[in-house]
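Coordinate analysis (summary)
If you want the building blocks of each chain, they are given just below.
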Amino acid sequence: MKVPFAVFASGSGTNMQALLDHEGEGAAYRIELLITDRQCAAEERARALGRAVHRVVFPFSSELLRLLKRHHAEGILLAGFLRLVPAEVCAAYRGRILNIHPALLPAFGGKGMYGHHVHEAVLRSGAALSGPTIHFVDERYDQGRILAQWPVPVLPGDTPDTLAARVLRVEHALYPAAADALARAVQGGWPDAGPAPGFRWPGGGHAPDAELGDRITQAFGGAGD
């Protein structure tokens, strides 16, 4: 039986769509519920597949917990969610909330660091690599333990838009794989028993395209093999 998850989103929901698309490819999870804090395109993506959608005025943690319990959610995936998750929800779902951040944490994280703010900061820094980070969520922005990262090269002439597009393509491969790892750990009894979520980098055909896959491999000296 698939593990029921909830998604929290605030924007276009492209990562949520990637998670939904992965469901039919053998994933161990099913997205049962979308929670948003504002009107956003993610709501229409969820409704198109008949998933429950609720808009919540934050930080009403008691309402959030009631919704999560009603839909039997065993984990939470943040997908472009711009608010800090209430402490009561973090406590109730300790070790079962994941977030995706569009840079290689611990750099370029913290309050206010989302979307183009992140990519602009990466370019200003002169960093040669960026890329998404999947991490567990706690009561602080972008401070939870890292589960997975995938480096993406910063190319000469990059703008925030071109870098964002390159990172996003990798996010859509990495996040479903990380969510699947969490779901399988939950099936095994995590976090009360069983092993913690383990993650093996997607490689080979999982890369968004051969050129990008080659760049990733070269940047990490073959660590993704």
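Here goes a summary of the coordinates provided. Being a predicted model, the structure only gives us computed values, none of them experimental. (Residues numbered from 1 in each chain as written. Predicted model: local features only at pLDDT ≥ 70, side-chain atom pairs only at ≥ 80, totals over all residues. Heavy atoms only, no water.)

**A word on the pairing of strand E1 (residues 3-9)**
Burial of E1 is extensive: seven of the seven residues sit out of reach of the surface. Side-chain alternation along E1 places Val 3, Phe 5, Val 7 and Ala 9 on one buried face and Pro 4, Ala 6 and Phe 8 on a second face that is also buried. Taken together, the seven bridges between E1 and strand E2 (residues 29-36) define a ladder with parallel strand orientation. Directly across from Phe 8, in E2, lies its bridge partner Ile 35. Two elements, E1 and strand E4 (residues 75-78), share four bridges in a ladder whose sense is parallel. Residue pairing for E4: Ala 6 is matched across the bridge by Ile 76. (Buried < 20%, exposed > 50% of the residue type's maximum accessible area, 1.4 Å probe, protein only. Helix = DSSP H or I, 4+ residues; strand = E, 2+ residues; numbered from the N terminus. Pairing = 2+ DSSP bridges.)

**Quick notes on the layout of surface pockets**
Its boundaries defined by the atoms lining it, the largest pocket holds a volume of some 740 Å³. Lining the largest pocket are 36 residues, with Gly 80, Phe 81, Leu 82, Tyr 114 and Gly 115 positioned closest to its centre. Of all elements in the fold, only helix H1 (14-23), strand E5 (97-101), helix H5 (116-125) and helix H6 (160-187) reach the threshold of two or more residues within the lining of the largest pocket. Examining the composition of the lining of the largest pocket, we find that four residues originate from one element, H6, more than from any other. (1 Å grid on protein atoms, 1.4 Å probe; cavity = no way out; pocket = protein on both sides within 12 Å on 5 of 7 lines; lining within 4 Å. Points joined across faces, edges and corners; volume = space filled by probe spheres on them.)

**What to know about the side chain of Asn 15**
If you trace the backbone, Asn 15 turns up in helix H1. The exposure class assigned to Asn 15 is buried, which follows from its relative accessible area of 7%. Here the side chain of Asn 15 touches Glu 171 through a polar contact of 2.7 Å, side chain to side chain. Those residues in contact with Asn 15 that lie beyond four places of it in its chain are Ala 79, Ile 100, Leu 168, Glu 171, His 172 and Tyr 175. (Polar contact = N/O pair within 3.5 Å; in protein donor to acceptor, adjacent residues only side chain to side chain. Contact = heavy atoms within 4.5 Å.)

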